[in-house]
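Residue-level listing of the chains:
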Amino acid sequence: KAVVSTQSTGEKEPIKPFIHRARELYTGWGVSTVLVVGGAGDYLDVADTVLLLDSYTVSDVTERAREIARERPLCVPSLPPMLAPTPRSPGLSSLRPFTGKIRVVSRSSVTYHSEGSEEESQLDLCALEQLVEIGQTRFIVEVMQKLADKPPDTLVSLMKALDAGIEANGLGVVKDNSNWLARPRCLEIAGAINRYRHLRLKE
């Protein structure tokens, strides 16, 4: 196992095995990993907790896993630290074409006409499975239009400010007459913005 690990992370190999970054994701970035495996013991070395599912019964076998890991330790090479991800900063003016003729077709589909274009475009939200009702989609449309007039900021900061505003003042911070709107999570709002094909990001 040690030989394979050494060979797979040579200087000319651009792809690093996830197992060599799993601990760093947790210690450096606070990202936990839940992994389901069968018939492979490599991840026992980096796991904090190991659960065994046997005949639909779950048991904690962490101590046994650590014993096995000590007998066959994984050779993890020294790697340069992971680079911090660049925050996404949408050019909010690029949302302005979304202020044209808009129609919320369903929970997962919005059609609109871009500014100066007769061609109909679609915002496809079918992959956002946590959207469960068309009022949430209408709310997303209202948010995207409102953001077009906001000062530039990162997407994370914009969503935090929106969430805080809703908590303090309700859905009225987005639309005065909000009876036909339903609140989605900011994750789905950000997901919709990322799927907007006319979105432009600031350098």
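All of these numbers come straight from a predicted model, not from anything done at the bench. Here the residue index of a chain counts from 1 through its sequence in written order. Local features in this predicted model are restricted to residues whose pLDDT is 70 or higher, and side-chain atom pairs enter the listing and the counts only when it is 80 or higher, whereas totals over whole chains, interfaces and linings include all residues. Excluded from the side-chain calculations are hydrogens and water; all other atoms, namely the structure's heavy atoms, are used.

Draft legend 1. Just the layout of surface pockets, in detail. Considered as a void within the structure, the largest pocket measures approximately 970 Å³ in volume. Whether a set of points on the 1 Å grid over the protein atoms alone is a cavity depends on a 1.4 Å probe fitting there but being unable to get out, while an open set qualifies as a pocket with protein on both sides within 12 Å along at least five of seven lines; lining residues are those with an atom within 4 Å of a point. If you trace the largest pocket, you find 30 residues lining it, with L35, A47, T49, V50 and L51 closest to the centre. At the level of elements, α2 (22-29), β1 (51-54) and α3 (62-71) are the ones that each hand at least two residues to the lining of the largest pocket. Of the residues that constitute the lining of the largest pocket, the class distribution is 21 nonpolar, six polar and three charged. Of the pockets and cavities examined, the second largest pocket occupies roughly 220 Å³. Along the walls of the second largest pocket sit 14 residues, with L147, K150, L158, A161 and L162 positioned nearest its centre. Grid points are joined across faces, edges and corners, and a volume is the space filled by probe spheres set on the points. Counting from the N terminus, the helices are DSSP H or I runs at least four residues long and the strands are E runs at least two residues long. Just so you know the grouping, Ala, Val, Leu, Ile, Met, Phe, Trp, Tyr, Cys and Pro go in nonpolar, Asp, Glu, Lys and Arg go in charged, and all remaining residues, Gly too, go in polar.

Draft legend 2. Expanded view of helix α5 (residues 155-169). Relative to the 21 Å expected for 15 residues at 1.5 Å per residue, α5 spans 21 Å between its end C-alpha atoms, a close match to the ideal helical length. Burial here depends on accessible area, computed with a 1.4 Å probe over protein chains only, as a share of the maximum for the residue type. Under 20% is buried, over 50% is exposed, and the range in between is partly exposed. Of the positions making up α5, those classed as buried are L155, L158, M159, L162, G165 and I166. The buried residues of α5 all sit within an arc of 125 degrees when viewed along its axis, so they share a single face. Among the exposed residues of α5, those oriented more than 90 degrees off its buried face are V156, K160, A161, E167 and A168. Between two residues, a contact is recorded if the distance between any of their heavy atoms is within 4.5 Å. Elements in contact with the buried residues of α5: α4 (134-147) and α6 (186-195). Backbone geometry just after α5 places G170 at a positive phi near 80 degrees. Expected helix span is taken as 1.5 Å per residue step, with the number of steps being one fewer than the number of residues. Taken from the helix axis, the directions to the C-beta atoms give the arc we talk about.

Draft legend 3. Layout of the nonpolar core. Residues belong to a common nonpolar core when they are buried Ala, Val, Leu, Ile, Met, Phe, Trp, Tyr or Cys residues joined through side-chain atoms within 4.5 Å. Among the nonpolar cores identified, the biggest contains 30 residues, and L95, F139, L147, M159, L162, I189 and I193 are the most heavily contacted of them. Of all the secondary-structure elements, those providing two or more residues to this core are β4 (109-113), α4, α5 and α6. Ranked by residue count, the leading element in this core is α4, at six residues. With residues up to four places along the chain from it excluded, the contact list for I189 reads F139, I140, V143, M159, L162 and P184.

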